[in-house]
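Each chain, written out:
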Amino acid sequence: MTNFGNYEERVKGFSWALSEQELGYQPGQIINIGWYCSDRICQLGKADKTALIWEGFTGEKKIFSYNDIRLYSNVFAQFLTDLGIKAGDRVCLFMDRVPELYIGFVGILKTGAIAQPLFSAFGEESLFIRLENAQTSAIFTQKKHVSKVRKIRERLPHLKHIIIVDYDGKTPLQAREVAFSMEGSKKVEHYDIYPTYAETPSVLHYTSGTTGMPKGVQHVHYSLISQYLTAKWVLDLKDDDIYWCTADPGWVTGTSYGIIAPFSLGITQCVLDSGFSAEAWYKFIEKNRVTVWYSAPTAIRSLMKAGDEIIKKFDLSSLRHLASVGEPLNPEAVNWSIRVFGKPFHDTYWQTETGCIVITNFPGMPVKPGSMGRPFPGITATVLNPNNYEPYPEPGRIGLIGLKPGWPSMMRTYWNNEEAYKNKFRNGWYLTGDRARIDKEGYFWFVGRDDDVINTAGHLVSPFEVESALLEHPSVAESAVVSKPDPINMEVVKAFVTLKPGFTPSKDLELDIMNFIRKKLSPLAMPQEIEFVDSLPKTRSGKIMRRILHAKEWGEEIGDTSTLEND
Ligand code: WT7
């Protein structure tokens, strides 16, 4: 039995009050995510239950119970309060995936301050842009990253406290720096949690910025109501699960479903703080007996590239439910996962702005490979005509994905940029900036980001569809499809391709791939050219940046690249 059950029954008469009741929340009362993620689980009698199984890149392992999360988050909260941090102040987490990142997040929320997680691989300029924009008061970081903060602190007068969580006393502390040791501090049995309410700001996430400058997406404590229920129904999390969310909390998946959802559900989750390798990942699943696994297409394609043979070396029979987010999930990836794991990856579609999963393949419902699935109950999703922002009355038309605002975890604004926020709405719909079509059964099919969709001689071509066809060729590891200028058709399709190990670029291979995809695509969608490349430009969160390839083809400015993986 899945937690979700039957789609039609769940949709009928759905109300978010269901989630409020399960969490024991009454409208108008205090709601604090930090409390829900720790104290409440202890009160429910699960103080000794394992909350976090952590493994570092050296193989070091630590285990934290829910009582540990409660006590250590109190330690964080008390420390911040003693420093003078007040409700509403922005407190940045700039760390690798160490336990302090997860527990510190809970602690910050207990103080009423706004948690601002930033990916630790950011260079100092990327960090500067975001700390400056948010006027951040304090930053938690590690020794290995503090040099980046030192380079920019003079330009950040608001940044009063630079808190080092693993200070070893070897080199002297510099201006504004202070040492903090979570496990070395005296445990704080009682902390007076700040009385946050539904609309009190909680988390500030900077978007990965595939286009334009990164914007600070502002969430509130009430977001919990969506994050809790979507995790329960879509990820099918149950009391005895061992859950692994591979996303870094520098991005929204790593907070909504890597901290808030699993902790508020009282689930055991594990975290691997090391870079990607297929071997290490499979080993981690085997060792921890992972049951629910939430990952991303870019990682899945890397696993596919590593081949099927290696999988046979591991016992992955614990896996019960698989889900994916971040980019469109190619049908080939779904079919591959059925072949090698005996179960499909379930696509989940959402955004930093939506705070929770909004369209998805539900557990127990048939997966149509290549489709994102159906809207979550309580979410009204549609495809809008781009000319008048009215929903298309008939299925099958490609248009803009629009969402009816009003679910609990919808962003409340862009930090200091109300204008950009307002600009996301038309005719009462929130515009996601993505295009899709809906089939007769109400399943959504992703077409592309608005800026990535190709218009060749007046026909819309979905880069996702072309990329998915390419991926089915045995030599193709990854691909990115963009438009290039053309005197007759204005734009034509061009594909960039990386190859699997054992294949080398050649004219013959290009022809072979062209002949292969010709059978799958309409003539208009056929690439005019395939360019073999060693790697594709990606954001640090793993999304292919088609914008950069597009700009090169058109001889345009590349724009902001602060989220580019290798800058
Ligand atoms: C954009 C949002 C939400 C967590 C991570 C990304 C793309 C995301 C899917 C999917 C097709 C997807 C969209 C969306 N995207 N999930 N399942 N299928 N596209 O958050 O960085 O705010 O990016 O990622 O283009 O708008 P984000």
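Scroll up to find the structure.
Please read these numbers as outputs of a predicted model, since none were measured by experiment.

Per the secondary structure count, the chain includes 17 helices and 27 strands. For 567 residues, the compact-globule formula gives about 24 Å, and the C-alpha radius of gyration of the chain, at 23 Å, lands near that figure. Taken along its principal axes, the extent of the C-alpha atoms in the chain is 70 × 55 × 55 Å. Residue burial in the chain is summarised as follows: out of 567 residues, 62% are buried. Residue pairs in contact within the chain that sit at least 24 positions apart in sequence constitute 68% of those at least 6 positions apart. When the accessible surface of the chain is totalled, it reaches about 21800 Å², and 51% of it is carbon and sulfur.

All right, on to the environment of Gln142 then. The residue Gln142 is located in the loop between strand 5 (138-141) and helix 8 (143-152) in this model. The residues contacting Gln142, other than those within four sequence positions of it, are Phe94, Met95, Asp96, Val98, Ile164, Val165 and Asp166. For Gln142, the side chain forms a polar contact with the main-chain nitrogen of Asp96, separated by 2.7 Å.

Turning next to the environment of Ser295. The residue Ser295 is located in strand 12 (residues 292-295) in this model. For Ser295, a relative accessible area of 3% gives the class buried. Separated by 48 residues in sequence, Ser295 and Ala247 place their C-alpha atoms 6.7 Å apart. The residues touching Ser295, leaving out its near neighbours within four places in the chain, are Thr246, Trp281, Ala323, Ser324 and Val325. Within polar-contact distance, the side chain of Ser295 engages the side chain of Thr246 at 2.9 Å.

Right, let's talk about the site of the ligand for a bit. Around the ligand, a shell composed of 18 residues is seen, among which Asp347, Thr348, Gln351, Thr352 and Asp434 lie nearest. The backbone of Pro328 places a nitrogen or oxygen atom 3.5 Å from a nitrogen atom of the ligand. Side-chain polar atom of Asp434 to an oxygen atom of the ligand: 2.5 Å apart, as the coordinates give it. Looking at the shell around the ligand, the element that brings in the most residues is strand 14 (residues 345-349), giving 3 residues.

What counts and how
Residues numbered from 1 in each chain as written. Predicted model: local features only at pLDDT ≥ 70, side-chain atom pairs only at ≥ 80, totals over all residues. Heavy atoms only, no water. Helix = DSSP H or I, 4+ residues; strand = E, 2+ residues; numbered from the N terminus. Rg over C-alpha atoms; globule rule 2.2 N^0.38 Å. Buried < 20%, exposed > 50% of the residue type's maximum accessible area, 1.4 Å probe, protein only. Contact = heavy atoms within 4.5 Å. Areas by Shrake-Rupley, 256 points an atom, 1.4 Å probe, with all protein chains shown as cover. Polar contact = N/O pair within 3.5 Å; in protein donor to acceptor, adjacent residues only side chain to side chain. Near = heavy atom within 4 Å.

Shape is all these values report; function is a separate question.
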